[in-house]
Amino acid sequence: MSNPFFINSGPFNISEILKILKLKLKIDLNTSVKDIKDLFHADKNCITFFHSKKYSEIAKKTKASYCITNQNLKDYLPKSCIAIIVKNVLISTSLVTEKFYPNSIEDEYDATAVNIRDTTLKDIVNAGKNVLVGDNVKIGKNCLIGHNSIIERNVQIGDNCKIGSNTILRNSIIKDNVTILDNCVIGKKGFGFFPSQNKNLRYPHIGIVIINENSEIGCGSTIDRGSLSNTEIGKNTFLDNQIHIAHNVKIGENTIIAGQVGIAGSSIIGNNVKIGGQAGISGHIKVGNNVEIGGGSGVIKDIPDNVKVMGYPAKSIREFLKDNR
Amino acid sequence: MSNPFFINSGPFNISEILKILKLKLKIDLNTSVKDIKDLFHADKNCITFFHSKKYSEIAKKTKASYCITNQNLKDYLPKSCIAIIVKNVLISTSLVTEKFYPNSIEDEYDATAVNIRDTTLKDIVNAGKNVLVGDNVKIGKNCLIGHNSIIERNVQIGDNCKIGSNTILRNSIIKDNVTILDNCVIGKKGFGFFPSQNKNLRYPHIGIVIINENSEIGCGSTIDRGSLSNTEIGKNTFLDNQIHIAHNVKIGENTIIAGQVGIAGSSIIGNNVKIGGQAGISGHIKVGNNVEIGGGSGVIKDIPDNVKVMGYPAKSIREFLKDNR
Amino acid sequence: MSNPFFINSGPFNISEILKILKLKLKIDLNTSVKDIKDLFHADKNCITFFHSKKYSEIAKKTKASYCITNQNLKDYLPKSCIAIIVKNVLISTSLVTEKFYPNSIEDEYDATAVNIRDTTLKDIVNAGKNVLVGDNVKIGKNCLIGHNSIIERNVQIGDNCKIGSNTILRNSIIKDNVTILDNCVIGKKGFGFFPSQNKNLRYPHIGIVIINENSEIGCGSTIDRGSLSNTEIGKNTFLDNQIHIAHNVKIGENTIIAGQVGIAGSSIIGNNVKIGGQAGISGHIKVGNNVEIGGGSGVIKDIPDNVKVMGYPAKSIREFLKDNR
């Protein structure tokens, strides 16, 4: 899926990229680099990054022409890929991403937004008072948008969607038959940055939020967009009120998440999962299909398919009940 | 209390109701059914539902003329009540409720809402900028409503109430001297539906929210309306910020609930209860009077009167402290 | 720092103050009392209060001319300070504070707020649609304010700040380079009151919120102002979404707090602290510098510097992992 939200300022000459990284390499400096992508999605003339041995299998097969990495990892890369050795892979990746996507660091309000009544969308959308829409917003048939909601530029909304009041949509693609209730903020940048004394270094978020068909998002929920990948909510997945979904999270289909649950960055939740109220899922966790997570649980490691867990840290529900008789 | 929010589309002939349920019964098909109510509130010519043995004592005395139930439960019903045997009592009840109250499934924004300055309420209410009020809203003496708040149709607000900014009130009755702070959403439908692959089946929420005298609701809180019964907050009960109260919950008087607490559907909280921050109460739980629940607790079973609990799962605070020395 | 938000209605004759407390004392009734302050900040002609032995060292040195206290504590006070003995120190303090600061009990919406386009700030600030600003708001250079946000009277915002959409700022001082995202409520009164049957007694909140340079506050967060002291967020401290910071809390510099964390009233968090998602900190807790608190933890006692904790109640992370192998 092409990303209509963050415009690539490239291509750049590799010499320009090495300049940002304050590096000098004995390579052909006149080659053009067209984009930055992850190891899997990068193709020829792209630059990628490789910061953890966990990704060595994907690294071996990357089609990228350049890869930001470190001394220990460089030998996993294929010969077609030139290693760019740096001290801190993620900070360097951040700097290069910012070069390609300068508008992805900060979330400034959409200055192109105007009252929907002053746009051609007024004839298509059943909208409340003071609804603002930005440039190039696309909205399908038979949609409702409540009062005071803000649909920022380039957002796409499918058919038969219901957006509540006081809700903000940004950098998001909403498929058909989706309901988003009041006071939500969907698509802001994630809570990702490099901690640094006096001034933390924010990193770019060029991912978007995709909410698939028939899903519902409760009041006061926040869904952050991804950094390099997307945040995605599967089909027919229902979220209750005051839920927080961090950047890069992927949630499967037919999943049900009760109120005040939080899912930290980059975690993956399967299909047909049930998560009880106030449960928390740590970052970079994988929760399988058909899993049930009891209310209040704290999930700090992967959960295989078809398992019921509860507790903090979460364990099998049988064990939890036995321990707490 | 009559319900000004959801208009009964009935009466319907019992044959029309059997048609929705795809049933054929050998009964008089020309009888008129005026409403759907719970076992206790239903009277003659009403239809009710009975799905759990837990309610058998009430079922024995119901005055309803018809009852949606199953084979195992039907014999508890009095002779005056015709059993309508179905596979899934709750789904069937949902379909029949939707027939009577077609507008109770979805929460569409209130298209009747206009700026309060364009209504006669402007002379009665001290209102901020961009305040929207729907048809037939009633507001008492000496009330304030902050900027950008939305009071949807038929909402009733008593005397001396203070409503914050960016707050949405819907399907709610607010008694005298109530304070509701900013960014709240009060009265949306609950998170209740029948899970189903590809398309969950939402069930009707014809209950309302009642907030009684002298109570206060903190910023960013959500209080969902009930499905068949109401969600109710007792007199002089104070809720802090970012609290979530699910559908059908009843909270007593003089109760104090700290920030980020969540109370799941249909739980009942007594009078003079204190609940610490971030505690969670599971659904269908009964918490007695004068109970203290420590911050962060997870309450998964009933708590009798006059008890102090803490922990996850919550146990007596003495035991909790002993176990965690 | 002077407090531009709550105007002192004093000075009052000490006889007027004794009248509120329904007390008769054999002291010079014609002396003027200029303000109410805490034991440390009070100077000559001020009244202060002293309710716990914990503060006896500060009490011994207070410069206040009068002190609301009880029989057991009065002997700690210096001779220059006249003890005013009451049954309930905090309730009496509340009544006297209300006398000096009558507008600090309730948070009424700012009726002075008008569209920023109708003010001289329009030439200085890059503001979205429907932005409201109250009287005497000060905003520095190069700031952005998103749609529908409300900046209430006397709020001060430094240079290079970014305020999101649908956000409310009240009784707050925002320093340079601060980012506050969407749907926040900053500076409302804290959840502090004296519980009482039928009608809780709210106490005054004359503290403010101070957010220092380079900090960031995530979407849907609430930061309450202090009662007698301020609520303060240190420099370069980042808060994620849906965080609740209660009244009087002080958070240090370079601290990172993940989503849905709650910090109860009067707690103090050090510098370079990391707090994982959904963790809760009880009230009146002191968390040292360089502390790491795992996600979901419940902190119910002080944590010294340089310690990693996790669990509910929080303990050393080593112990937590050992107990949960």
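The structure presented is a predicted model; accordingly, all values stated were derived computationally and were not measured.

Residue and element names in this part refer to chain A. The assigned domain composition of chain A is domain 1 (12-104) and domain 2 (114-323). The gap between the C-alpha centroids of domain 1 and domain 2 is 30 Å. Contacts between domain 1 and domain 2 engage eight residues on the former and eight residues on the latter. Partitioning the side of domain 1 that touches domain 2 into residue classes produces three nonpolar, three polar and two charged.

Turning our eyes to something else, we now look at the interface of chain A and chain B. Accessible area lost on assembly of the parts is the figure often given for the size of an interface. Between chain A and chain B, the contact holds 34 residues from the first and 34 residues from the second. Considering only residue class, the side of chain A that touches chain B consists of seven nonpolar, 23 polar and four charged.

Residue-level contacts link 34 residues of chain B with 34 residues of chain C. Grouping the constituent residues of the side of chain B that touches chain C by class yields seven nonpolar, 23 polar and four charged.

Another aspect to go through is the relation of the copies chain A and chain B. Two chain copies here: they are related by a rotation about an axis and a translation along the same axis. In the superposition of chain A on chain B (RMSD 0.1 Å, axial shift 0.0 Å), the rotation amounts to 120°. Such values leave the two copies arranged in the relation of a three-fold axis.

Turning to unusual backbone geometry, a few remarks are in order. Cis geometry is adopted by the peptide bond preceding Pro-11 of chain A, which originates at Gly-10 of chain A and carries an omega value of 5°. Structurally, Pro-11 of chain A can be placed in the segment before β1 (12-13). Even without a glycine there, the phi angle at Asn-148 of chain A is positive, about 65°. Among the structural elements, Asn-148 of chain A can be located in the loop between β11 (144-145) and β12 (150-151). With 30 C-beta atoms counted inside 10 Å, the residue Asn-148 of chain A sits in the buried group. Of note, the phi angle at Gln-260 of chain B is positive, near 65°, even though the residue is not glycine. Looking at where Gln-260 of chain B falls in the secondary structure, it is placed in the loop between β28 (256-257) and β29 (262-263).

Let us now look at the sheet that holds strand β10 (residues 138-139) of chain C. Residues and elements named next belong to chain C. With parallel pairing, the eight strands of this open sheet are ordered in space as β10-β13-β16-β21-β24-β27-β30-β33. Single-partner strands in this sheet number two, and they are β10 and β33 (286-287). Relative to strand β16 (residues 172-174), strand β13 (residues 156-157) runs parallel, the two sharing two bridges. The partner of Ile-157 across the bridge, within β16, is Ile-174.

What follows concerns the nonpolar core. Among the nonpolar cores identified, the biggest contains 277 residues, and Ile-47 and Cys-67 of chain A, Ile-47 and Cys-67 of chain B together with Ile-47 and Cys-67 of chain C are the most heavily contacted of them. Dropping the residues within four chain positions of it, Cys-67 of chain C is found in contact with Thr-48, Phe-49, Phe-50, Thr-62, Leu-77, Cys-81, Ala-83 and Ile-84 of chain C.

Let us now look at the environment of Asp-38 of chain A. All names here are of chain A. Turning to its location among the elements, Asp-38 is positioned in the loop between β3 (35-36) and β4 (46-49). Judged by C-beta crowding, with 18 C-beta atoms within 10 Å, Asp-38 ranks as partly exposed. Each C-alpha atom, one on Asp-38 and one on Ile-58, is 9.8 Å from the other, the two residues being 20 residues apart in sequence. When near neighbours in sequence (up to four residues on either side) are disregarded, Asp-38 contacts Thr-48, Leu-228 and Ser-229.

So, about the pairing of strand β5 (residues 66-69) of chain C. Residue and element names in this part refer to chain C. What you see with β5 is no split at all: Tyr-66 and Ile-68 on one side and Cys-67 and Thr-69 on the other are buried throughout. Here three bridges tie strand β4 (residues 46-49) to β5, and the two strands are oriented parallel to one another. Residue Thr-48 lies in a different strand from β5, and its bridge partner there is Cys-67. Inspection of the sheet shows β5 paired to strand β6 (residues 82-85) by four bridges, in the parallel sense. In the sheet register, Thr-69 faces β6, and the bridge partner there is Ile-85.

To continue, consider the confidence of the model for chain A. The predicted model of chain A averages 95 in pLDDT, with 99% of residues at 70 or higher. The ipTM assigned to the predicted complex is 0.92, against a pTM of 0.94.

Below, the discussion takes up the sheet that holds strand β3 (residues 35-36) of chain B. Residues and elements named next belong to chain B. Strand order in this open sheet of four strands is β3-β4-β5-β6, and the pairing throughout is parallel. Only two strands of the sheet have a single neighbouring strand rather than two, namely β3 and β6 (82-85). Running at roughly 135° to strand β5 (residues 66-69), helix α3 (residues 89-100) makes contact with β3, β4 (46-49) and β5 of the sheet.

What counts, and where the lines are drawn
- Residues numbered from 1 in each chain as written.
- Chains lettered and ligands numbered in written order.
- Predicted model: local features only at pLDDT ≥ 70, side-chain atom pairs only at ≥ 80, totals over all residues.
- Domains from an automatic or database assignment.
- Contact = placed C-beta atoms within 7 Å.
- Nonpolar A, V, L, I, M, F, W, Y, C, P; charged D, E, K, R; others polar.
- Least-squares fit on C-alpha atoms with pLDDT ≥ 70 in both.
- Helix = DSSP H or I, 4+ residues; strand = E, 2+ residues; numbered from the N terminus.
- Buried ≥ 20, exposed ≤ 12 C-beta atoms within 10 Å, placed from the backbone.
- Pairing = 2+ DSSP bridges.
- Core = buried A, V, L, I, M, F, W, Y, C linked by C-beta atoms within 7 Å.
- pLDDT = per-residue confidence, 0-100.
- Axes fitted to C-alpha atoms, helices over the stretch in contact; angles between N-to-C directions.

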